[in-house]
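Chains, contacts and geometry: an overview
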There are 2 protein chains.
Amino acid sequence: MSIRSRRDRDSAGSRHKFSIATFRGLQQPELSKRLSRLIKSENNAIGAHETAGRERGSIAAQLSEWGESTEDDAISDISDKLGVMLAEIGEQEDTFAQNLEDYRGVLKHIRNMEASVQPSRDQRQKVTDEISKLKYKEPNSTRITTLEHELVRAEAQNLVAEAQLSNTTRTKLKEAFDIHTAAVIERAEKQIILARHARRLLNYIDDEPVVPGDSRHAYDHELEARQVLEDAETDLRAWRPSVQPIASSETHVNGLGGNGVHADTDSVLTNGANGVDTTGPPEDATSEMERAEPAVLAS
Amino acid sequence: MSIRSRRDRDSAGSRHKFSIATFRGLQQPELSKRLSRLIKSENNAIGAHETAGRERGSIAAQLSEWGESTEDDAISDISDKLGVMLAEIGEQEDTFAQNLEDYRGVLKHIRNMEASVQPSRDQRQKVTDEISKLKYKEPNSTRITTLEHELVRAEAQNLVAEAQLSNTTRTKLKEAFDIHTAAVIERAEKQIILARHARRLLNYIDDEPVVPGDSRHAYDHELEARQVLEDAETDLRAWRPSVQPIASSETHVNGLGGNGVHADTDSVLTNGANGVDTTGPPEDATSEMERAEPAVLAS
C-alpha cells in the first residue's frame, strides 16, 4: 500500500538534460530539492490538463461543423448541441488546471520555507565544526568562547527556523491538498452534470435503419434538445461545493471559530523567510522566544 | 447556444506544416475530411489525458518520497497514503484516455464510411457530366443510351451508399458519444471517491503551531489512515456504472430486445466499404434493393 517502490517512474522527468529548469533544480538547497522537482512535475500535469481542455473545445467546434456538413437535420442539431456540452466539459478541464495552479502555489510556500531554513542549519553546523577544529589545533584560543556564544545564537535561530518549517509544512500541506481534492471533486461533479445531459441528447437521434431511397421522419426534437442545454446550464449554475471543510489551525486564523490569539501571524520570526508568506509561530510563541533567548545566551 | 462561431480555435491544430499527418489529411476524400481532422484532434486530447495521468503517478511517488525525507512521522505517513490516492487518481485518468480511444475507434467507422461513399457520388457525377457533354457534342451518338443505363446503375448504387452512410452515421455517432459520456462519468465518479477519502487523510495532520523547542504529540493515526485506504479501495471495487443506457437500433442487433430481423448486418451491400465494419442496411433492405434493381434497369 505504499508507492515508494515506484522510484523508476521518476527517471521520465529528467529527459531534457540541458534545460534551465534542471539547472535551477541543481541550485536549490538540498532541503528543498525534492519539493522543487515535484512542483516542476505538477507544472507538466497542469499543462496536460490545459491541453486536454483546449483540444476538447476545438473538437467541440469541429463536431458541430461536421454535423452541419452532413446536411442531416438531426445530426446537425444534435452535433451542435453536443458540441456545446463538450466545450463546457473542456472549460471545466481548464478551470481544474487553474485550481491546480492555486494548489501548486501553496506548495511553493513549503519549498520557500525549506530553502530559507537551509542556511540556518548550515550556519549551526559551520560554527560547530569551527569550534571542534579550534579545540584540536589551539585549545587555549580565546576565540573558542566567542564561537561558543555564536553557537548558542545559531542554535536559537535554528530552533525557531525548524519550528517555522514544521508549522508551515503541516499547515500548507493540508491547505494544498484541500484545494487539490476539492478541485478534483468540482471538475468531476460538473462534468457528470454535463455528461448526463449530453446523454439525453443522444436519444433524439433516430437510428432505425432506413431502406435505400426511403427518407427519414422529419426531425422534430429541436425544442427538446434546446431544453436539455438549458437544464444543463441551470444545474451547473445551481452547483455548490459539497466537500466537508478540512479542520486547520489556519482556518482559525482566518476567523472561523478562532480564539483571536492567532490573529497576527506576521511575527518577527518569519522575517528570515525572504519575505514570503510563511505560517510562522503565533504571537505567544514570539514572546516565548523573546523570554527564552536571554536565558540561553547567559548559559 | 451554438459553438459554430468559434471557428478561430481550429487554427491551433494546423501548426506543423510538413507533418505526414497533414499530408494524409489532404489525401482524404472531401466527404471525410472534417471527421478525419476531428479524429486527429481527439488523438491529441487523448494524449494530453495520458500525460496528465502519467505525471500524476510520478507526482504521487515524489510526494511520498518528499514526506519520508521530512523525518516527520505524521507528514511521512500521510504523504505516502496521499500518494497512493493520487496514483490511483492518475490511473483513472489513464483509463479515461483508453475509453476515449474506444470512442475514437467508433468515430473511425463513420469516417471510413464517408470515405467509401465518396467514389459512388463521384461516379454518378462523372456519368451525368459525360452524358450532358455527349448530348451537346454528338446528340445522335448510340453511347448516350449506354451511358444512361450506366447512370441508372450508378444512381442505384449511390442510393444504397447514401442509406448506408445515414445509418452508419446515426448509429455510430450515438455509440461513440455513449462511450465518451459514460467514460466522463466513470472517471468523475471514481475520482470523487478517491478525493473524498483523501480529504479524510488530511484531518490526521495536526497543524496546531508548535513553539520553538517544543516537540509535537506523537503521531498515532497510522491505523486510521490505513483504514482510509481500505475504505477507498472497497468503494472503488463496489462502483457500478449508473448511466441510463442509450436507446439504439444497434442495441437491438446485439440481442437486447431486438426483433431478430436486424441480426445479420453483414449484407452484400457493405462489401464496397473497404472491408470495414459498417452498419449497412439490414437484410430486408438488401432484398428490397435486389427487387428494385432490375426494375430500375428496365426503365
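These numbers were taken from a predicted model, which means no experiment stands behind them.

Here we come to helix α2 (residues 33-69) of chain A. Here α2 of chain A contains 37 residues, and its C-alpha end-to-end distance of 54 Å stays within 8% of the 54 Å for a straight helix at 1.5 Å per residue. The first or second residue beyond α2 of chain A is Glu71 of chain A, which carries a positive phi of 55°.

Quick look at the confidence of the model for chain A now. All names here are of chain A. For chain A, the mean per-residue pLDDT works out to 82, and 74% of the residues sit at or above 70. This stretch, residues 5-17, has a pLDDT under 50; its non-local contacts, to residues over four places away or in other chains, come to 14 contacts. Confidence over residues 252-299 falls short of pLDDT 50; this stretch has 57 contacts with residues more than four positions distant or in other chains. Taken over the whole predicted complex, pTM reads 0.77, whereas the ipTM for its chain interfaces reads 0.77.

Counted according to the given criterion, the structure contains 34 salt bridges over all chains. Of the charged contacts, one joins Arg170 of chain B and Asp72 of chain A as a salt bridge, the two residues approaching to 2.9 Å between their closest N and O atoms. Taken together, the residues Arg170 of chain B in helix α4 (residues 143-202) and Asp72 of chain A in the loop between α2 and α3 (73-137) connect one chain to another. Across this residue pair, the class does not change: Arg170 of chain B and Asp72 of chain A are buried.

At a minimum axis distance of 14 Å, the contact between α2 of chain A and α4 of chain B shows a crossing angle of 160°. With respect to their mutual orientation, α2 of chain A and α4 of chain B come out roughly antiparallel. Where α2 of chain A crosses over α4 of chain B, the two elements pack in a sense that is left-handed. Contacts between α2 of chain A and α4 of chain B pair Arg56, Leu63 and Trp66 of chain A from the former with Thr169, Leu173, Phe177 and His180 of chain B from the latter. Considering only residue class, the contact of α2 of chain A with α4 of chain B consists of four nonpolar, two polar and one charged.

Another point: the packing of aromatic side chains. All names here are of chain A. Evaluation of the coordinates by the stated rule reveals two aromatic pairs over all chains. Centroid distance Tyr103 to Phe177: 5.2 Å. Interplanar angle 65°. Geometry classified as edge-to-face. Placement of the pair is Tyr103 in helix α3 and Phe177 in helix α4 (residues 143-202), with a sequence separation of 74 residues. Taken individually, Tyr103 and Phe177 each receive the classification buried, so the pair is uniform in this respect. It is Arg187 that lies over the ring of Phe96; its NZ or CZ is 4.0 Å from the centre.

Looking now at the packing of helix α3 (residues 73-137) of chain B against helix α5 (residues 222-238) of chain B. Residues and elements named next belong to chain B. Between α3 and α5, the least distance of the axes is 9 Å, while the angle of their chain directions is 10°. Here α3 is positioned roughly parallel relative to α5, judged by the angle of their axes. Only Glu222, Ala225, Arg226, Val228, Leu229, Ala232 and Leu236 of α5 make contact with α3, whose side of the interface consists of Asp77, Ile78, Lys81, Val84, Met85, Glu88 and Gln92. A per-class count over the contact of α3 with α5 returns eight nonpolar, one polar and five charged.

Further remarks concern the relation of the copies chain A and chain B. Rotating chain A by 180° and moving it 0.0 Å along the rotation axis overlays it on chain B with an RMSD of 0.1 Å. The transformation just described matches what one would write down for a two-fold rotation axis. Using C-alpha coordinates, one finds that chain A approaches the rotation axis most closely at Ala188 of chain A, a distance of 2.1 Å. A share of 100% of interface residues in chain A that are also interface residues in chain B marks the association as one of identical surfaces.

What follows deals with the interface of chain A and chain B. Tallying the contact residues gives 110 residues for chain A and 110 residues for chain B. Both sides together, the interface formed by chain A and chain B hides about 9800 Å², and carbon and sulfur atoms give 60% of it. Where chain A packs against chain B, one counts 12 salt bridges. A salt bridge links Arg56 of chain B to Glu42 of chain A, with the nearest nitrogen and oxygen atoms 2.8 Å apart. Summed over the shared surface of chain A and chain B, the number is 38 residue pairs in polar contact (both at pLDDT 80 or more). Mapped by element, the contributors of at least two residues to the side of chain A that touches chain B are α2, α3, α4, α5 (222-238), α6 (249-253) and α7 (283-297) of chain A. Among the elements that line the side of chain A that touches chain B, the one with the most residues is α2 of chain A, at 28 residues.

Basis of the calculations
- Residues numbered from 1 in each chain as written.
- Chains lettered and ligands numbered in written order.
- Predicted model: local features only at pLDDT ≥ 70, side-chain atom pairs only at ≥ 80, totals over all residues.
- Heavy atoms only, no water.
- Helix = DSSP H or I, 4+ residues; strand = E, 2+ residues; numbered from the N terminus.
- Expected span 1.5 Å × (residues − 1).
- pLDDT = per-residue confidence, 0-100.
- Contact = heavy atoms within 4.5 Å.
- Salt bridge = Lys/Arg side-chain N within 4 Å of Asp/Glu carboxyl O.
- Buried < 20%, exposed > 50% of the residue type's maximum accessible area, 1.4 Å probe, protein only.
- Axes fitted to C-alpha atoms, helices over the stretch in contact; angles between N-to-C directions.
- Parallel < 35°, antiparallel > 145°, perpendicular 65-115°, else oblique.
- Left-handed = near helix turned anticlockwise from the far one by under 90°.
- Nonpolar A, V, L, I, M, F, W, Y, C, P; charged D, E, K, R; others polar.
- Phe/Tyr/Trp six-rings, centres within 6.5 Å; stacked < 30°, edge-to-face > 60°.
- Lys NZ or Arg CZ within 6 Å of the ring centre and 35° of its normal.
- Least-squares fit on C-alpha atoms with pLDDT ≥ 70 in both.
- Buried area = accessible area lost by both parts, 1.4 Å probe.
- Polar contact = N/O pair within 3.5 Å; in protein donor to acceptor, adjacent residues only side chain to side chain.

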